[in-house]
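Residues per chain are reported as follows:
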Amino acid sequence: MKSILTFFTLCCFSFTWGQTSPKIYDIIDNISEDELRNKVQTLVDFGTRNTFSDTLSNTRGIGAARRWIKSEFETISNSCDNCLDVFYQKDFVTKEGNSRVPHDAWVVNVVAVQKGTKYPNRYIIMSGDIDSRASDTMDFTTDAPGANDNATGMAGTLEAARVLSQYKFENSIVYVGLSGEEQGLFGGKGLAQYAKNKEWDIIGVLNNDMIGNIEGVDGIIDNRTFRIFSEPTPPNETENQRRLRRFYGGEVDGISRQLARYIHKTTKTYLPEMNPMMVYRLDRFGRGGHHRPFNDLGFAGIRIMEAHENYTQQHQDIREENGIKYGDVIEHVNFGYTKKLTAVNAINLASLAWAPPAPKTVAIGGIVEASVKLKWDKVDGATGYKIYWRDTTSPTWDHSRTVGDISEFTLEGIVIDNYFFGVSAIGENNFESVVTFPNQIMR
């Protein structure tokens with residue numbers, strides 16, 4: 001009788017952990033295609049948003065654009081009882097040593113912080129870029145509507161803030177419009193350093209750069225697939241960490257890669273019609289995005305973007321040549337697709353903001369044994385933990401076992417040599433942290 005009762009209890013326990021949250025489906029339903037369209041149109045109507053364009057006009061240039069973005073965040077805050085702390089974060093950039101800077105100027109980011117109720121110094125960040133560019137990045141007067149690149153990412157960030165501001169979260173969420181991306185990732189560098197100086201505990205950065213195009217220059221039309229770029233391991237890891245990885249594995253298991261896997265899993269759970277494509281690269285071949293400055297300082301960060309780019313619509317003066325229409329105009333944006341990728345961001349922001357912290361330390365052992373031993377630091381706010389494992393060649397965590405409020409567990413009958421392992425924390429609301437890859441060895 002005892003064994004039957006134990007089996008029944010374990011089954012019910014596992015079922016409880018496997019439930020999805022209706023709140024996440026509500027968030028998906030509340031993302032508005034019309035809101036996204038209106039926001040992109042407003043940004044396009046500023047003519048150019050080149051980082052070094054007019055800052056005084058109320059109708060044209062980067063200054064008007066960032067003031068409008070700030071006012072949008074403030075309007076959102078007013079509707080949620082001032083739940084957002086809205087401010088400018090800026091750094092001065094000079095021509096000296098910067099080949100893409102036509103004149104000295106302030107690079108100004110617009111930041112809105114929704115403080116967490118339990119872990120206010122833990123932040124999950126969603127970013128879009130304010131700035132646009134013409135064919136010549138030094139040309140700050142020519143029209144550069146930047147509809148897809150990157151009014152879509154900025155509009156998605158504003159829309160995520162509108163929807164998520166109606167909820168309370170344990171962790172803080174930062175919604176930010178970054179400037180200076182086209183000239184050298186200046187906005188990201190400034191905010192990453194600001195976060196480090198303020199000792200922010202960053203869960204991860206979701207950088208959105210071009211989330212509106214479905215017709216690629218490769219001829220493919222696809223409104224379901226999107227890419228998640230992530231670097232394999234942090235660039236600031238120690239020599240000892242690199243040495244240990246040679247013997248114990250983890251070449252593709254850095255903190256940014258775990259964030260990418262989390263987004264992949266959450267998307268497949270709540271938006272199964274979408275096809276998240278994890279790309280094992282920091283960014284596109286030889287190119288960069290605003291998550292990179294955060295990576296440089298050791299923070300987890302990924303890039304979310306369309307799967308099939310159209311280069312005739314990026315960084316191009318508006319014109320027609322040989323029957324090809326060049327330019328990043330609003331007619332090329334598919335707002336149904338932008339809505340889907342905004343929802344991808346919103347549900348991952350919410351899931352992480354509702355989750356407890358990930359275990360800081362996970363130790364693993366099991367050399368020359370037919371079992372794997374795992375031990376981890378218990379997490380404040382966690383009511384259980386989940387052990388994951390996968391084939392060493394698999395991109396995703398394919399096997400898992402939920403355990404209770406304990407700090408060690410042995411997986412019997414599993415040979416450590418053949419798999420990679422990790423542990424996440426689960427809160428009483430069933431939301432789960434990012435997986436922590438083992439960072440200590442048990443002898």
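Residues numbered from 1 in each chain as written. Predicted model: local features only at pLDDT ≥ 70, side-chain atom pairs only at ≥ 80, totals over all residues. Heavy atoms only, no water.

Student: When you look at unusual backbone geometry in this model, what are you seeing that I'm missing?
Tutor: Note: most residues except glycine have negative phi, and most peptide bonds are trans. In the segment running from D149 into N150, the intervening peptide bond is cis, with an omega of 5°. Position of N150 relative to the elements: it lies in helix α5 (residues 147–164). Of note in this structure, M210 is not a glycine but carries a positive phi near 75°. If you trace the backbone, M210 turns up in the loop between β5 (201–208) and β6 (225–229). With relative accessibility at 1%, the residue M210 sits in the buried group. Residues other than glycine seldom take positive phi values, yet N322 does so here, at roughly 50°. (Helix = DSSP H or I, 4+ residues; strand = E, 2+ residues; numbered from the N terminus. Buried < 20%, exposed > 50% of the residue type's maximum accessible area, 1.4 Å probe, protein only.)

Student: Sorry if this is basic, but what is going on with the packing of helix α3 (residues 33–44) against α5 here?
Tutor: Think of two packed helices as two axes; the pair is described by the angle between the axes and how far apart they sit. Their axes nearest at 9 Å, the elements α3 and α5 cross at an angle of 130°. With respect to each other, α3 and α5 are oriented oblique. With respect to the hand of their crossing, α3 and α5 are arranged in right-handed fashion. Contact with α3, carried on its side by E35, L36, K39, V40, L43 and V44, involves A147, A151, T152, M154, A155, G156, L158, E159 and R162 of α5 and no other residues of that element. (Axes fitted to C-alpha atoms, helices over the stretch in contact; angles between N-to-C directions. Parallel < 35°, antiparallel > 145°, perpendicular 65-115°, else oblique. Left-handed = near helix turned anticlockwise from the far one by under 90°. Contact = heavy atoms within 4.5 Å.)

Student: Mind showing me how you'd approach the environment of L282 here?
Tutor: Within the secondary structure, L282 is located in the loop between β7 (275–279) and α10 (292–296). C-alpha separation for the pair L282 and G404, spaced 122 residues apart in sequence, amounts to 36 Å. Dropping the residues within four chain positions of it, L282 is found in contact with F229, S230, E231, H291, R292 and N295.

Student: Which parts of the structure should I look at to understand the pairing of strand β15 (residues 408–412)?
Tutor: The side chains of a regular strand alternate between both faces of the sheet. A one-sided burial pattern is seen for β15, the buried positions being F409 and L411 and the unburied ones E408, T410 and E412. Judged from the five bridges that link them, strand β12 (residues 371–376) and β15 form a sheet pairing that is antiparallel. In the strand pairing of β15, K375 is matched with E408. (Pairing = 2+ DSSP bridges.)

Student: What am I meant to see in the sheet that holds β12 here?
Tutor: In sheet architecture, strand pairing relies on hydrogen bonds along the backbone and comes in two forms, parallel and antiparallel. Across the sheet, which stays open at both edges, the four strands sit in the order β15-β12-β11-β17 with mixed pairing between neighbours. In this open sheet, the two edge strands, each paired with only one partner strand, are β15 and β17 (440–441).

Student: Got a minute to help me understand the sheet that holds strand β2 (residues 105–114) in this structure?
Tutor: Pairing is mixed in the open sheet, where eight strands are placed in the order β1-β2-β4-β3-β5-β8-β6-β7. This sheet does not close on itself; its edge strands, each paired only once, are β1 (84–93) and β7. Averaged over neighbouring strand pairs, the angle between their axes works out to 25° when direction is ignored. In this structure, strand β3 (residues 119–129) lies alongside strand β4 (residues 171–178), joined through eight bridges in parallel fashion. Looking across to β4, one finds that Y123 is bridged to S172. Across the sheet, helix α7 (residues 186–197) touches β1, β2, β4 and β5, and the angle it forms with β1 is around 115°. Across the sheet, helix α9 (residues 255–270) lies against β5, β6, β7 and β8 (301–306), angled at about 45° from β8, the strand it touches most.

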